[in-house]
Amino acid sequence: MIALMNALIRYATSSIGKKQIVGLTGLMLCGFLAGHLAGNFLLYKGEGVFNAYAQFLTSNPLLPYIELALLGVFMTHIGFALWVTWEDLLARPERYAVRRNAGGRTIGSSTMIYTGALTLAFLLFHVTVFKLSGEAEQHVRGLFGVVIDCFKSGAWVAFYAAALLGLGVHLSHGVQSAFQTFGVNHEKLTPGIKAAGLLFAAAMAVCFGMIPVLTKMGRIG
Amino acid sequence: MSGMKLTLKIWRQKGPGAPGELRSYGVQDISPDMSFLEMLDVLNEQLIKLGEDPVAFDHDCREGICGMCSLVIDGRAHGKDSGKTSCDMRMRGYQDGDTIAIEPFRAKGFPVVKDLVVDRSAFDRIMQAGGYVSVNAGSAPEAHSLPVPYEKAEAAMDHAACIGCGACVAACPNASAMLFVSAKVSQLALLPQGGPERARRALSMLEQHDKEGFGNCTNEGECEKVCPKSVKISSIARLNREFLRASVLY
Ligand code: HEM
Ligand code: FES
């Protein structure tokens, strides 16, 4: 038992272990995003269907446990990502006076901590509005109504668009990076993984982002 | 006399921990056929004549095989020529009147000794942690008793090409030495001789890497672009696999 604990600690405190934990939780979050998006598509089916879906989710007795697990995944991802980033800052105490990238970095790879932070800020607002919103508001037109009301505000729509763009940039590096972190790198596979990662990132940003925009335009609601 | 006139901005630092600064120097009569280090020799001769302290920089073979030269030239480790060390780069890529900034490799794990010289003994300690094969002393075994497939031998050679210069650390935004560690681990993991100590090697070399204060690899890919021996980050992927396997098995 102690041996196992020691092995786990050694793994989770090593540079590669930390990265693999960020990668695994990152991919789990990608799975969550895909599921969440599937639910969002029901908004296009109108008030009845969407509210029934929301009802179905909230009436599940396991929901609190699932939410707790999801929170755990988020906290782990954020915690380890901050740890990794902090150590990386310390690893170069003195900066270069002249710094030129050699061609490996991308916008996504060099901004992970910023796009991550933007995503986190977004999540806090998002959960406050859609999950912790007063029961009273939900009684009128259900969760559907809350969504429609929220996206009447241009400021909200702009914030959503910006945050989802950030998420897209995060994933443009994140998805393929997680594969590399787990050691999947192969002449034949890697170009495909990179393309699929970009496609996934773009799909998440566009499909989630379309909802506030279409609502504002009056196409949903 | 003909030849290029250049302005050099060179990091000068008297000793470990001392404050340093970029100082400007002029050099003349630089032939395009000179190597980058020969150009620095010209500067140093000039400084010595003036009674000034010459610029300290590391070098040994001056033909791209020893891994001693360690310059960051205009923000790029080993300068602008891909697949080459600083010593192997010629001056023909520059033009009369150019200004060139020259800095040491910068990382917590590579403290500056003087001017452009950094202490890379961290790499030696990583090697000592497991970058070897323990063998029984005795007469050499019959070569055919350990068959190695051609592809494996070639792949092992690609990793063994690493000269341990540390350009990967210098170029990495996180000052990670993962490309170095991965080349050393992979080189042995691919060969039957490296098999028995494979798991222990991956764990202890990585542990030493982390202890030395190098950062974490975030798959930026800068290292492979500056590596003078073109070691690829697929090597790091192999290390990641080796480490995961070792963590489970060992
Ligand atoms: C839905 C939300 C999120 C998803 C789907 C996601 C996904 C990912 C993925 C797949 C990776 C790549 C891991 C690897 O390279 O192995 C990653 C890395 C990272 N994430 Fe997230 N992430 C999310 C939210 C966040 C948040 C809220 C933060 C908070 C600050 C964050 C910070 C980071 C950082 C800093 C990295 C880079 C770590 C490194 O380079 O090692 N992420 N993320
Ligand atoms: S001096 Fe030997 S590689 Fe440059």
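Residues numbered from 1 in each chain as written. Chains lettered and ligands numbered in written order. Predicted model: local features only at pLDDT ≥ 70, side-chain atom pairs only at ≥ 80, totals over all residues. Heavy atoms only, no water.

## Quick look at the pairing of strand β2 (residues 20-30) of chain B
Residue and element names in this part refer to chain B. Of the pairings in the sheet, the one linking strand β1 (residues 4-13) to β2 comprises nine bridges and is antiparallel in character. Residue pairing across strands places Met 4 opposite Ile 30, the latter belonging to β2. Between the end of β1 and the start of β2, which pair antiparallel, lie six residues, with Gly 17 showing a positive phi angle near 75°. (Pairing = 2+ DSSP bridges. Helix = DSSP H or I, 4+ residues; strand = E, 2+ residues; numbered from the N terminus.)

## Structural notes on the nonpolar core
One finds Ala 77, Phe 105, Phe 110, Phe 123, Val 169, Leu 179 and Phe 214 of chain B to be the most contacted residues of the largest nonpolar core, which totals 52 residues. With six residues, the single largest contributor to this core is helix α5 (residues 178-189) of chain B. Taken together, domain 1 (4-114) and domain 2 (120-249) of chain B each give at least three residues to this core, which thus spans both. When sequence neighbours within four positions are dropped, the list of residues in contact with Leu 179 of chain B reads Cys 168, Cys 223, Glu 224, Cys 227, Val 231, Lys 232, Ile 233 and Ile 236 of chain B. In terms of nonpolar packing, the next biggest core, distinct from the first, is built from 33 residues, Cys 30, Ala 54, Ala 163 and Leu 171 of chain A among them. (Core = buried A, V, L, I, M, F, W, Y, C linked by side-chain atoms within 4.5 Å. Buried < 20%, exposed > 50% of the residue type's maximum accessible area, 1.4 Å probe, protein only. Domains from an automatic or database assignment. Contact = heavy atoms within 4.5 Å.)

## A short note on the site of ligand 1
In the vicinity of ligand 1 lie 26 residues, with Lys 19, His 77, His 170, Ser 177 and Thr 181 of chain A positioned nearest. In this structure, ligand 1 sits where chains A and B come together, each supplying nearby residues. Measuring from a nitrogen atom of ligand 1, one finds a side-chain N or O atom of His 170 of chain A at 2.8 Å. At 2.4 Å, a side-chain N or O of Ser 177 of chain A approaches an oxygen atom of ligand 1. Within the residue set of the shell around ligand 1, elements represented by two or more residues are α2 (15-40), α4 (63-90), α6 (112-130) and α8 (154-181) of chain A. A per-element tally of the shell around ligand 1 places α2 of chain A first, with seven residues. Here the shell around ligand 1 is built from residues that sort into 14 nonpolar, 11 polar and one charged. (Near = heavy atom within 4 Å. Polar contact = N/O pair within 3.5 Å; in protein donor to acceptor, adjacent residues only side chain to side chain. Nonpolar A, V, L, I, M, F, W, Y, C, P; charged D, E, K, R; others polar.)

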